[in-house]
Amino acid sequence: MFALPDDPELLKAQYRAFSRQVPLLYVILMMNAWALALTLSPHAPAWLTVHVALLLSAICAARIFFWWRKRHIEPDAEAARAALQRTLRFAVVLSLAYSGWALSLYGYGTPYTKAHVSFFMAITLVSCVFCLMYLRAAALIVALIVNTLFVTFFMSTGEPTFIASALNVVLVTIAMLIIVTINYNHFRQMVEAQTRAVALGEENFRLANLDSLTDLPNRRAFFSRLEEMFRAARANGETFSVGIIDLDGFKPVNDTYGHSVGDQLLREIGERLRRACLTDGTFAARLGGDEFTILVTGEIGGGALTTRGQGLCEALSRPVALPTARVQVSSSIGFARDGADVPSPTELMNRADFALYQSKRLNRGAATVFSDAHKEMIHRESLIEQTLRGADLDLELSVAFQPIVDIRTNRPVAFEALARWQSPYLGTVSPGEFIPIAERTGIISRLTCELLRKALSEAKTWPKGMRLSFNLSAHDLMSTDTLLKIAALITRSAFDNSLLDLEITETAFIFDASQVENSLQFLRDLGCGVAIDDFGTGYSSLSRLHALPLTKLKIDRSFVSSIDTNPASLDIVRSLVHLSRNRKLDCIAEGVETHSELAELRRLGVAFAQGYFFARPMTADQVPHYLAEHQDPGQPATSSA
Ligand code: C2E
Ligand code: CA
Ligand code: CA
């Protein structure tokens, strides 16, 4: 009862509540002391009146000063306990001192001053108990000491008025202590409720910011940390880098082994990321799906960042042994460093995203740091995008044709249509540059339709039986609207549907594979052939190939161009030729540039080839001339150039 509570939160709350009432308590004590000292100073010696009042005031002032100095300090539970404990000791000392002093003055003066002594004790007691409302132990100590002295002393005087007032004071004190106790209990309950609410709030905050699968901070936590670091960087010049990590080959694992294995894999990857980041305080989070992010603090050079990222990639790509399967994924990372030229956290993320995209394209399974060259690329890309959006496609786009040759008879059997763009502002822009931009920005379908229309209207003038190959983008196959437009162009054209081959790269299947399959089947049903382009450069293709309605397979230039120098390329081409034979697909070798490559292809039994060795892509006007020169089977279909 006379001790302080154990609950640390309650102690701190008591400290806060009490510290607000401290000045009032001591000011009352000083006022009351001076009132008594002054009424008694004519009767009692100065050392007992004014001097003692001075001494007591000094003590009170010292206490006020002590609390005032600490008014802005939010103490921990231990410090609060120490301060309140000291207050309890002062309560004992001051109660004894005040009561003893008042009673020692009783012997001097008149019945009026005696009455003042009694009044002084009662009123001081009441005010102290109220001021100590939130420090119940102190209130009890004061009440007990003062009441005991008061009652014993005034009972002993035998004076009925004083005896009555002593009893009266006791009863009032008891009533007050009941009120204090009720009040104190409310106060305690309120503090407990507040503590619970704070804890609940903290738990909610934790849950709202945590990814439930990996226990890493989630997307929301990541972005709020990113904003925070960005603001701090602008305020005090500290710098940092952001890295986006994307798993390569997660989707096939998920599709093959099911979501539960996919989840286990993500959990393990999350754990590895956490361990790798633990040592240096790097913040790691899961953005969602198979995407993770890190925030690296401090000035760190591009080279060091790449090395760091490389280490992370290695850690994440070690095989994972799960109860039901042993799986392996690799990861690519894109980094962007914060700097004065980064206007917003969003821009920083865009840069890291761009670096990641470059990693996936050119440097799969490794780290790429956003550089000035990338900045230049982005600038160029947005220029191309803007110009392309405003371009007169009918006027500026044209189609070039490159022959595909039957290398057994040396006769051209088809032409591949290749897009050409002559912009009045940018000059000639290569399709390798503008097609990916058109795809990314969603304007590819306009281009596809315009190019297909032009290609078909040229092809219908060609000699009977000459085929046309046309490149479709994966995006065209993902949109029903575009697909219907393409179908309308094909069926309305005078060119024979069955002589048209539509080429699609195998990376198309990283999109919704079943949607792509359906679209290809739709085109097959129109009578068109379907060729898989740049074959061998994708990574999950062989297993998928069986399900696709294909008629042709085009071996990527990168294998063909090293076929006579690199045994590995030769092996790959050989197995692709086998594959096409098994699946009864026509096989076309792309990018043949030399006679020795051609000889090698002939030896492997490849039937069709395309490349600079035969002819470069030519304008529509040049096609009849080329055909006239190469229709004779006795003449090899090589260009004279
Ligand atoms: P692709 O479909 O693989 O087209 C073959 C590319 O290889 C063409 O480049 C062609 O000029 C080039 N090429 C042909 N033979 C040789 C050779 O012997 N050596 C070398 N080094 N290159 C050779 P181009 O015309 O610059 O087209 C680049 C890419 O742009 C195409 O690759 C294709 O992916 C895309 N593309 C071109 N036209 C279209 C189109 O109309 N629609 C779509 N969606 N993409 C197109
Ligand atoms: Ca092609
Ligand atoms: Ca190709």
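Up top is the structure these notes are about.
From a predicted model like this one, the values you see are computed outputs, not experimental measurements.

So, how was this worked out
Residues numbered from 1 in each chain as written. Chains lettered and ligands numbered in written order. Predicted model: local features only at pLDDT ≥ 70, side-chain atom pairs only at ≥ 80, totals over all residues. Heavy atoms only, no water. 1 Å grid on protein atoms, 1.4 Å probe; cavity = no way out; pocket = protein on both sides within 12 Å on 5 of 7 lines; lining within 4 Å. Points joined across faces, edges and corners; volume = space filled by probe spheres on them. Helix = DSSP H or I, 4+ residues; strand = E, 2+ residues; numbered from the N terminus. Buried < 20%, exposed > 50% of the residue type's maximum accessible area, 1.4 Å probe, protein only. Contact = heavy atoms within 4.5 Å. Donors = N, O, S within 2.8 Å, 3.2 Å for Na, K, Ca; no water. Near = heavy atom within 4 Å. Polar contact = N/O pair within 3.5 Å; in protein donor to acceptor, adjacent residues only side chain to side chain. Areas by Shrake-Rupley, 256 points an atom, 1.4 Å probe, with all protein chains shown as cover.

**Re empty space enclosed by the protein**
Part 1 of the reasoning: One pass over the structure, following the stated rule, counts one cavity of 30 Å³ or more.
Part 2 of the reasoning: Considering only enclosed or pocket space, the largest cavity measures out at about 230 Å³ in volume.
Part 3 of the reasoning: What lines the largest cavity is a set of 18 residues, and nearest its centre among them are L29, L94, S95, C128 and V142.
Part 4 of the reasoning: Elements represented by at least two residues in the lining of the largest cavity include exactly α1 (8–40), α3 (77–105), α4 (111–131) and α5 (136–157).

**A word on the side chain of H374**
Part 1 of the reasoning: For H374, the position within the fold is in helix α12 (residues 372–390).
Part 2 of the reasoning: The exposure class assigned to H374 is buried, which follows from its relative accessible area of 10%.
Part 3 of the reasoning: Excluding residues within four positions of it along the chain, H374 makes contact with F354, Q358, T368 and V369.

**Notes on the coordination of the calcium ion (ligand 3)**
Part 1 of the reasoning: Taken together, the protein donors to the calcium ion (ligand 3) comprise D533 (OD), D534 (OD), E590 (OE) and E590 (OE), at separations of 2.1 to 2.6 Å.
Part 2 of the reasoning: Donor residues binding the calcium ion (ligand 3) come from one chain and are separated in sequence as D-D-x55-E.
Part 3 of the reasoning: Here the calcium ion (ligand 3) and the calcium ion (ligand 2) are spaced 3.9 Å apart, and both take D533 as a donor.

**Notes on the coordination of the calcium ion (ligand 2)**
Part 1 of the reasoning: Every protein donor of the calcium ion (ligand 2) is listed here as E416 (OE), N471 (OD1), E503 (OE) and D533 (OD), and their distances to the metal cover 2.1 to 2.3 Å.
Part 2 of the reasoning: Sequence positions of the donors to the calcium ion (ligand 2) reduce to the motif E-x54-N-x31-E-x29-D.

**Points about the site of ligand 1**
Part 1 of the reasoning: Taken together, 22 residues sit near ligand 1, with Q402, A419, R420, E593 and Y612 positioned nearest.
Part 2 of the reasoning: A419 is positioned with one of its backbone polar atoms (N or O) 2.9 Å from a nitrogen atom of ligand 1.
Part 3 of the reasoning: E593 places a side-chain nitrogen or oxygen 2.5 Å from a nitrogen atom of ligand 1.
Part 4 of the reasoning: The fraction of the free accessible surface of ligand 1 (800 Å²) that becomes covered by protein chains is 82%.
Part 5 of the reasoning: Looking at the shell around ligand 1, the elements with two or more residues in it are β9 (411–423), α14 (431–440) and β13 (529–535).

Read these as spatial facts, not as claims about activity.
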